[in-house]
Amino acid sequence: MADNREVRIKIRNLKKSFTDKKHNTLQVLNGLSLDVYTNEFLVILGPGQCGKTVLLNLILGLDTPDEGTIEFSGGTPAKGEVGMVFQRYALFPWKTVIQNVEACPKFHGVDKAKRREEAKALIKLVGLEGFENAYPAALSGGMKQRVGIARAYATNADIMLMDEPFGALDAQTRYQMQDEILKIWQSKMTTVVFVTNNIEEAVTLGDRIVLLGNKPSVVVNEFVPNMARPRNNLSQEFLEFRNVIADKMDLALT
Amino acid sequence: MKKKEKTAKKFTPYWLLSILALVLFFGGWYVLTASPDSIIPTPADVVVRFFEVLKEPIANVPLWEHILVSLRRVFGAFLAAAVLGVLFGVLLGWFKTFRKIFYPLYNLLRPIPPIAWIPIIVLLFGIGELPKMIIVFIGAFTPIVFNTYSAVLMVDPLVLNAGIVLGANERQLLFQVALPDCIPSIIAGLKTAMSIAWMCVVAAEMIVSRAGVGFLINRGMENSDTALVMVSMVVIAAVSATITFILNKLEEVLCPWLTIGK
Amino acid sequence: MRIGKKDLLRKLGDFLLSISAIVILLIIWQIVVEAGIISERKLAPPTKVVTTFIDKLTNTNPDGAVLMEHFWASLKLTVMGFVLACVIGIPLGLLMGYFKPIDSFVTPIFEIIRPIPPIAWIPVMLLLFGIGNGSKVAIIFLAALVPALLNSYAGVKRTNPVLINVAKTAGASKKQIFLEVCVPSAVPMVFTGVKNALSSAWMTLVAAELVSASVGLGYMIQNGRTLSRCDIIIVGMLMIGVSGAIMSGLLSLVEDKVAPWMVKTR
């Protein structure tokens with residue numbers, strides 16, 4: 001059904017294992033294959049420690065796979081050409097909000113006036129106007145992650161990876177951030193790979209949901225919630241869809 | 001809940017206890033030393049001696065110049081130790097091969113207290129300004145290297161990853177990501193180093209010197225002028241407290257992100 | 001097995017790298033002295049240091065005691081002052097951290113004593129306790145007291161308030177909160193304090209022995225200076241360094257036993 005869409009990232013037969021100090025080998029990914037389509041909002045759903053972060057690190061090129069390939073249409077991007085939103089924010093504590101947001105253009109030598117202007121626009125987009133000169137330590141979790149999102153979008157990359165970005169937030173803030181991220185995604189037109197362990201979040205956000213099994217991870221199922229946005233998480237349709245995934249997830253865990 | 005607790009407790013003026021402690025301290029000191037054949041001077045004697053010392057030079061050098069001599073030694077050596085120590089610490093922490101080669105040597109020399117270097121340094125370099133500064137340098141260098149090195153080694157990997165993902169090259173990663181992350185630890189190391197440096201200068205001056213605050217103590221000891229010894233102790237403590245105060249202020253200015261929410 | 005061999009080679013390479021700097025330093029040191037760039041009267045070459053070390057194990061010249069006697073004399077005083085400082089400083093610091101009246105009472109006096117380097121106490125302590133061991137133990141005590149007390153105090157102060165509230169809701173008394181929550185929370189900081197106290201004690205002892213003593217490693221090197229015996233000075237320095245390292249090593253072992261839940265940073 002989605003096969004006529006352009007593939008942005010093509011992942012084939014990815015294997016990755018880690019060896020600890022006692023020489024125990026842990027197979028984290030075992031032949032994972034996945035296509036990510038251009039401008040889709042893909043949710044990768046998986047239980048606790050199923051190697052989702054490892055997968056993102058491989059896509060980012062922070063780590064290399066033991067086997068398998070990751071291909072990008074138009075060639076492998078350099079560092080700074082894929083945006084990343086971290087679960088624990090990973091903001092630079094010594095930089096103010098605006099300095100955090102403009103970090104990537106600064107690394108790439110963009111001149112100050114230009115990157116300031118762009119950073120201000122992004123700060124406005126994530127709703128943090130007035131906090132430009134605050135340090136991250138002074139912000140709440142939700143606000144910190146807004147900075148994280150603005151910083152990722154400041155790369156001007158067309159691929160955004162998000163590693164359980166709202167995992168540490170309270171429920172209320174989480175719902176709010178979900179709305180915001182959809183708005184930003186629609187206004188910026190980017191390919192998003194969004195990792196979560198929360199089924200409701202997956203159903204709320206995803207164009208497509210990929211369910212990963214427990215270690216060693218492979219794709220066990222794929223779901224396409226054909227629901228109009230914004231999705232009402234109390235509607236019959238939503239709840240049914242949610243239950244279908246929940247059943248599959250229980251299976252994946254056993 | 002908190003409010004109730006406060007009103008329930010009966011109000012104790014804690015500062016009165018502090019005053020009481022100080023009164024007991026100085027009172028006790030006075031009572032124990034008041035008899036004319038006491039070998040330890042009374043607090044009053046120390047105050048009187050202090051004003052004498054302010055007026056008349058000791059060993060032809062006025063008090064403020066003794067302080068200045070010590071400060072010059074400390075700051076000269078401390079600055080050198082700060083620059084070289086941070087550099088060496090960063091090299092140790094950031095470059096694996098450098099670490100493999102030089103860490104064992106550093107680790108071997110580290111446990112020798114700076115004061116134990118005094119005899120050999122004096123033998124090698126005589127009794128001028130240089131040997132004292134070398135001893136202070138050794139004292140300050142060790143903690144600066146150690147703090148810098150451990151900080152660089154323990155930079156939050158998440159922050160490093162963020163830097164890489166945002167496209168920082170190797171140099172930017174070191175100077176714009178890793179090093180700023182280390183600043184608080186480096187400053188902590190500088191603070192430790194400063195108090196050790198100050199102690200080293202006092203020790204070195206007590207053992208070989210003709211001027212400086214350590215020399216004052218020694219002069220007092222040799223002349224059985226215990227009031228002078230205690231005046232020197234007070235001066236040393238005052239200078240040391242002032243330096244600590246200035247360093248703390250400097251930390252607030254340099255790392256504004258650390259004081260938020262405290 | 002092939003990997004095992006590769007591992008072995010890598011380990012050998014690492015080992016060679018790790019001793020390279022030390023070996024090169026020793027060689028340069030030897031050459032500098034042999035070539036007369038630095039007079040042998042000012043700096044003894046490594047070979048001479050080794051022979052002096054062996055000789056000093058049995059020879060009481062020139063300072064009236066063999067190496068081990070000096071070592072034991074220094075160790076004894078350090079341990080006495082250090083243990084005394086821990087026994088008094090740790091409980092006092094812990095209590096100060098939790099009980100406000102004690103804090104208000106002790107802090108002003110402590111703040112007067114704290115900025116005075118322990119070495120500066122030497123003349124006063126000599127007057128108060130004479131030139132024997134008493135004055136040295138007193139100086140070491142002061143040197144070790146400051147870090148022991150300060151860290152214990154900070155450890156209690158930094159107890160997670162949530163844990164205190166948990167204990168409160170469970171109906172713990174003030175005494176129970178202190179003993180069951182604050183004290184265990186403070187253990188890591190206490191250990192940092194104890195380690196700092198030990199190295200401070202050891203350093204101060206050396207200083208005290210440099211200024212006035214008739215036995216001990218500090219005295220040995222000071223005597224070496226007056227006699228221009230650089231070989232003895234270097235042997236003494238190395239001995240001081242090695243003993244300090246061994247003592248803090250032993251302390252780390254105790255730490256592992258007492259607080260196994262602590263996460264080691266390296």
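Rules and cut-offs
Residues numbered from 1 in each chain as written. Chains lettered and ligands numbered in written order. Predicted model: local features only at pLDDT ≥ 70, side-chain atom pairs only at ≥ 80, totals over all residues. Buried ≥ 20, exposed ≤ 12 C-beta atoms within 10 Å, placed from the backbone. Helix = DSSP H or I, 4+ residues; strand = E, 2+ residues; numbered from the N terminus. Contact = placed C-beta atoms within 7 Å. Domains from an automatic or database assignment. Core = buried A, V, L, I, M, F, W, Y, C linked by C-beta atoms within 7 Å. Pairing = 2+ DSSP bridges. Axes fitted to C-alpha atoms, helices over the stretch in contact; angles between N-to-C directions. Left-handed = near helix turned anticlockwise from the far one by under 90°. Nonpolar A, V, L, I, M, F, W, Y, C, P; charged D, E, K, R; others polar. Expected span 1.5 Å × (residues − 1).

(A) Looking closely at helix α1 (residues 52-60) of chain A. Residue and element names in this part refer to chain A. Of all nine residues in α1, eight are buried, a share of seventy percent or more. Taken as a whole, α1 has its buried residues at Lys52, Val54, Leu55, Leu56, Asn57, Leu58, Ile59 and Leu60. Backbone geometry just after α1 places glycine 61 at a positive phi near 80°.

(B) Seen up close, the interface of chain B and chain A. Each side of the interface is counted separately: chain B has 16 residues, and chain A has 20 residues. Elements supplying a minimum of two residues to the side of chain B that touches chain A: α8 (157-165) and α9 (170-207) of chain B. The greatest single-element share of the side of chain B that touches chain A, amounting to six residues, is contributed by α8(B).

(C) The arrangement of the domain arrangement of chain C in detail. Domains assigned within chain C are domain 1 (1-38) and domain 2 (44-258). Between domain 1 of chain C and domain 2 of chain C, the C-alpha centre-to-centre distance is 34 Å.

(D) Expanded view of the nonpolar core. Grouped together as the largest cluster of nonpolar side chains are 213 residues, with contacts concentrated most on Val136(B), Ala140(B) and Ala197(B). Not counting the four nearest positions on each side in its chain, Ala197(B) is found in contact with Val74(B), Ala77(B), Phe78(B), Val136(B), Gly139(B) and Ala140(B).

(E) Highlighting the sheet that holds strand β8 (residues 208-212) of chain A. Residues and elements named next belong to chain A. With respect to topology, six strands assemble into an open sheet ordered β5-β6-β7-β3-β8-β9, the strand pairing being mixed. A single partner strand is all that each edge strand has here, and the edge strands are β5 (83-85) and β9 (219-223). Sheet twist, expressed as the average angle between the axes of neighbouring strands with direction ignored, equals 15°. Here strand β6 (residues 159-163) runs beside strand β7 (residues 191-196); their pairing, made up of five bridges, is parallel.

(F) Seen up close, the packing of helix α3 (residues 67-98) of chain C against helix α8 (residues 174-211) of chain C. Residues and elements named next belong to chain C. Where α3 contacts α8, the axes come no closer than 8 Å and their chain directions differ by 145°. In terms of crossing hand, the pair formed by α3 and α8 is right-handed. For the pair formed by α3 and α8, the contact residues are Ser74, Leu77, Thr78, Gly81, Phe82, Ala85, Cys86, Ile90, Leu94, Gly97 and Tyr98 on the first element and Phe178, Cys182, Val183, Ala186, Val190, Val194, Ala197, Leu198, Ala201, Trp202, Leu205 and Glu209 on the second. Residues of the contact of α3 with α8, tallied by class, amount to 18 nonpolar, four polar and one charged.

(G) Inspection of helix α4 (residues 112-125) of chain A at higher detail. With 14 residues, α4(A) ought to run about 20 Å at 1.5 Å a step, and its terminal C-alpha atoms sit 20 Å apart, in line with that. Looking at the buried positions of α4(A), the neighbouring elements they touch are α2 (97-101), α3 (103-107) and α5 (141-153) of chain A.

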